[in-house]
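Spelled out from the first residue to the last, the chains are:
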Amino acid sequence: MGRLVMKFGGTSVADIDRIRNVARHVEREVKAGNEVAVVVSAMAGTTDRLVGWAREAAPLHDAREYDTIVASGEQITAGLLAIVLQEMGIPARSWLGWQVPVKTDSMHGAARILDIDASGIIERFAQGQVAVMAGFQGISDDGRVTTLGRGGSDTSAVALAAALGARCDIYTDVDGVYTTDPRIVPTARKIDRISYEEMLELASLGAKVLQTRSVELAMVHRVPLQVRSSFEAPDSPNQNTIDGTGPGTIVCDEEHIVEQQVVTGIAYSKDEGKVTVVRVPDRPGVSAAIFGPLAENGISVDMIVQNVSEDGLTDITFTVPQKDLPRALKVIEGCKGEIGYEAVRSSGSVAKVSVVGVGMRSHAGVAADMFKALAARGINIEAITTSEIKISVLIDAAYTELAVRTLHSTYGLDGE
Ligand code: ASP
Ligand code: MG
């Protein structure tokens, strides 16, 4: 018996039948003696439709009203699940963000949770009631409804688990986190246990299972997290203990992972844009002259490479999110006077492929193996970045699948 947050994503609550299936998962945990809070997403497709309506009403709309509109999807699911649970004889009630309350800052559309007062929910636990909380939403200091950014229900769930001192199971349409995208590599394997750090890298590098912010929160508050499927039979024996193995992927502290791989997973992203500023004077201040204005315009730069200079001139290459590429070019052109370059080149058809694993800290040669394997396939590397547990390379987008497959077998990740 313990305290548990169960989060269900959009495909898991896509219609009333699936909501009934979700209710059976909840019933299993309640019958096992757990105090259960459920966090729900909007039914699949709902949020996209709501966003579409807001845009249709006015392309440049009041962000506060946008949040009022898009937060409504989760309200529907919360009410429906509470009704279905009640029908099954399980006491339950819905909680909207403002009712809990889930307090956030006022960054409408991308708000951050500041605090959750879970005392009301805990009081109802004592009466045997299940809490069904609408994910994705909160309330700002000035009393307006806020939303947490797309995919934000994961973050609602982890934040609630932290406030409740509970563990958190994220139910989705896949049965866990995979060594890479199984659509590209059919032999990709489900990972049994992965560290917070690795999951954070994979999430921010393009693996779409969990919202990046939710992993950050889980890591900071040490919330035991599990990713599992809502489509497995709700009454199948449940052995999802954090210390043992579960039906899904457990995200936990590195110390709790016995069999550590050197490389745990491979991520890729095709949403990259590349800019090369050709022949800029190599003197103090040029980098600031390029990257300062980009930052001021809210464009985040990822990889940066500066060449060795010749005759006091050098080339600087960097990447930005593909959607920001036109804006980035405009900003750089606007600063031509201050920077003093010869030309700007750009490409929208580049991809970033990354290998992630905490084992890299203690293993030499991981990068060398990566570069050798890519070279053997004739794949040219245009830029490289590394962290303690990750190596990313920028390549021609046309080679993404080949690169991912090659690296997956290079590091021995292929299953049967
Ligand atoms: N419904 C929201 C979205 O589609 C939040 C979520 O599902 O996590 O982005
Ligand atoms: Mg999601």
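Refer to the structure presented above.
Numbering of residues begins from 1 in every chain and follows the order in which that chain's sequence is written. Key to labels: chains lettered from A, ligands numbered from 1, both in the order written. The model is predicted, so local features are restricted to residues of pLDDT at least 70 and side-chain atom pairs to those at 80 or more, both for listing and for counting; the totals for chains, interfaces and linings are taken over all residues. As a rule here, side-chain values come from all non-hydrogen atoms in the structure, and water together with hydrogens is ignored.

Colleague: Quick rundown of the pairing of strand E13 (residues 265-281)? Include the residues and the values.
Modeller: Within a regular strand, the side chains alternate between the two sheet faces. Under the scheme applied here, a residue whose accessible area is under 20% of the maximum for its type counts as buried, over 50% as exposed, and between as partly exposed, the area being computed with a 1.4 Å probe on protein chains only. Counting from the N terminus, the helices are DSSP H or I runs at least four residues long and the strands are E runs at least two residues long. Across the 17 residues that make up E13, a large majority, 13, are buried. When DSSP finds at least two bridges between two strands, those strands are taken to pair. Sheet topology places E13 next to strand E16 (residues 343-356); eleven bridges connect them, and they run antiparallel. Residue pairing in the sheet places Glu272 in a bridge with Val350 of E16. Both E13 and strand E15 (residues 313-321) contribute to a ladder of eight bridges, which runs antiparallel. Opposite Glu272, over in E15, you have Pro321 as the bridge partner.

Colleague: How would you explain the sheet that holds E15 if you had to name every residue and give the values?
Modeller: Taken in spatial order, the six strands line up as E14-E15-E13-E16-E18-E17 in an open sheet, and their pairing is antiparallel. At either end of the open sheet lies a strand with only one pairing partner, and these are strand E14 (304-306) and strand E17 (383-387). Ignoring strand direction, the axes of neighbouring strands in this sheet form an average angle of 25 degrees. Both E17 and strand E18 (residues 390-396) contribute to a ladder of five bridges, which runs antiparallel. The residue of E18 that forms the bridge with Thr386 is Ile391. Between two residues, a contact is recorded if the distance between any of their heavy atoms is within 4.5 Å. Each axis is a line fitted through C-alpha atoms, and for a helix only the stretch in contact is used; angles between axes span 0 to 180 degrees, taken between their N-to-C directions. Against the sheet, helix H12 (residues 366-376) engages E16, E17 and E18, with an angle of about 20 degrees to E18.

Colleague: Give me the pattern of salt bridges: which residues, what numbers.
Modeller: Basic side-chain nitrogens of Lys or Arg form a salt bridge, by our definition, when they fall within 4 Å of a carboxyl oxygen of Asp or Glu. Enumeration according to the criterion identifies 22 salt bridges in this entry. The closest approach of N and O atoms between Asp181 and Arg183, which form a salt bridge, is 2.8 Å. Taking relative accessible area as the criterion, Asp181 reaches 14% and is therefore assigned buried. The class of Arg183 is exposed, set by a relative accessible area of 75%. Lys274 is the salt-bridge partner of Glu382, the closest N and O atoms lying 2.6 Å from each other. Residue Glu382 is found in the loop between H12 and E17, and its partner Lys274 is found in strand E13; the two are separated by 108 residues along the sequence.

Colleague: Requested: an account of the packing of helix H7 (residues 196-204) against helix H8 (residues 212-221), with residues and values cited.
Modeller: Between H7 and H8, the shortest axis-to-axis distance is 9 Å and the interhelical angle comes to 165 degrees. The angle between H7 and H8 falls in the class roughly antiparallel. Where H7 crosses over H8, the handedness of that crossing is left-handed. For the pair H7 and H8, the contacting residues are Tyr196, Glu197, Met199, Leu200, Ala203 and Ser204 in the first and Thr212, Val215, Glu216, Ala218 and Met219 in the second. Side-chain classes are defined by residue name, with Ala, Val, Leu, Ile, Met, Phe, Trp, Tyr, Cys and Pro counting as nonpolar, Asp, Glu, Lys and Arg as charged, and the others, Gly among them, as polar. Taken together, the residues of the contact of H7 with H8 sort by class into seven nonpolar, two polar and two charged. We call two directions roughly parallel when the angle between them is under 35 degrees, roughly antiparallel when it is over 145, roughly perpendicular when it lies between 65 and 115, and oblique otherwise. Each crossing is labelled by how the near helix is turned from the far one, with a counterclockwise turn of less than a right angle marking it left-handed and a clockwise turn marking it right-handed.

Remember that the coordinates give geometry; whether it matters functionally is a separate question.
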